[in-house]
Amino acid sequence: MEIELRFFATFREAVGQKERVEPFDDGASVGDVLASLESSYDGLEGQLLEDGDDGVEIRPQLSVLKNGRDVTHMAGVETELEDGDRLSVFPPVAGG
């Protein structure tokens, strides 16, 4: 299956482009995709996932959206993806 990936701010810089389409195995989860991105791009290594009390989790303050919906309101890293889904990854936002 193919997933459309969208990156913002510092994550866009790490990947070198705003959007890309990448193939993944059928049944891949959000966690599978994020782990693949961390291993594929040096600038993303350790930036997307962390070990938590219940296993691997999305790092705090990140926003990961599947087709515009925050995956934390779904099944988090276990959220299943389907062919043609769009996954958007936003780094933490700071301001004042």
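Residues numbered from 1 in each chain as written. Predicted model: local features only at pLDDT ≥ 70, side-chain atom pairs only at ≥ 80, totals over all residues. Heavy atoms only, no water.

Participant: Whenever I open this one, the side chain of K66 confuses me. Can you help?
Facilitator: By the element assignment, K66 lies in strand β5 (residues 63-66). Excluding anything up to four places from it in sequence, K66 contacts V71, M74, T79, E80, L81, D85, R86 and L87. (Helix = DSSP H or I, 4+ residues; strand = E, 2+ residues; numbered from the N terminus. Contact = heavy atoms within 4.5 Å.)

Participant: Can you help me understand the confidence of the model for the protein chain in this one?
Facilitator: Reading fine detail from the predicted coordinates is not recommended where pLDDT is low. Across the protein chain, pLDDT averages 94, with 97% of residues at or above 70. By mean pLDDT, the top-scoring element of the protein chain is strand β1 (residues 2-7) (98), and the lowest-scoring one is strand β3 (residues 49-52) (92). (pLDDT = per-residue confidence, 0-100.)

Participant: In this structure, what is going on with the environment of M1? I would like to understand it.
Facilitator: Relative to the helices and strands, M1 resides in the segment before β1. When near neighbours in sequence (up to four residues on either side) are disregarded, M1 contacts E22, P23, F24, D25, D26, G27, A28, L81, E82 and D83.

Participant: Could you clarify how one ought to interpret the side chain of S29 in this entry?
Facilitator: As for its position among the elements, S29 is in the loop between β2 (19-23) and α2 (30-40). You can call S29 buried: its relative accessible area is 9%. Beyond its immediate stretch of four places on either side in the chain, S29 contacts V77, E78, T79, E80 and L81. (Buried < 20%, exposed > 50% of the residue type's maximum accessible area, 1.4 Å probe, protein only.)

Participant: I'm lost on the pattern of salt bridges in this one. Help?
Facilitator: Where side chains of opposite charge bring their charged atoms close, a pairing between them can arise. If you walk through the whole model with that rule in mind, you get 4 salt bridges. Between R20 and E22 there is a salt bridge, with its nearest N and O atoms 2.6 Å apart. Close ionic contact of D85 with K66 constitutes a salt bridge, the shortest N to O distance being 3.7 Å. One end of the pair, D85, is in the loop between β6 (69-70) and β7 (86-90); the other, K66, is in strand β5, with 19 residues separating them in the sequence. Both residues of the pair, D85 and K66, count as buried. (Salt bridge = Lys/Arg side-chain N within 4 Å of Asp/Glu carboxyl O.)

Participant: Sorry, what's going on with the sheet that holds β7 here?
Facilitator: Strands pair in a sheet through their backbones, by hydrogen bonds, and they do so in one of two ways: parallel or antiparallel. What the 5 strands build is an open sheet, ordered β2-β1-β7-β5-β6; its pairing is mixed. This sheet does not close on itself; its edge strands, each paired only once, are β2 and β6. Relative to β7, β1 runs parallel, the two being bridged by 4 bridges. Its bridge partner lying in β7, L5 is registered against L87. (Pairing = 2+ DSSP bridges.)

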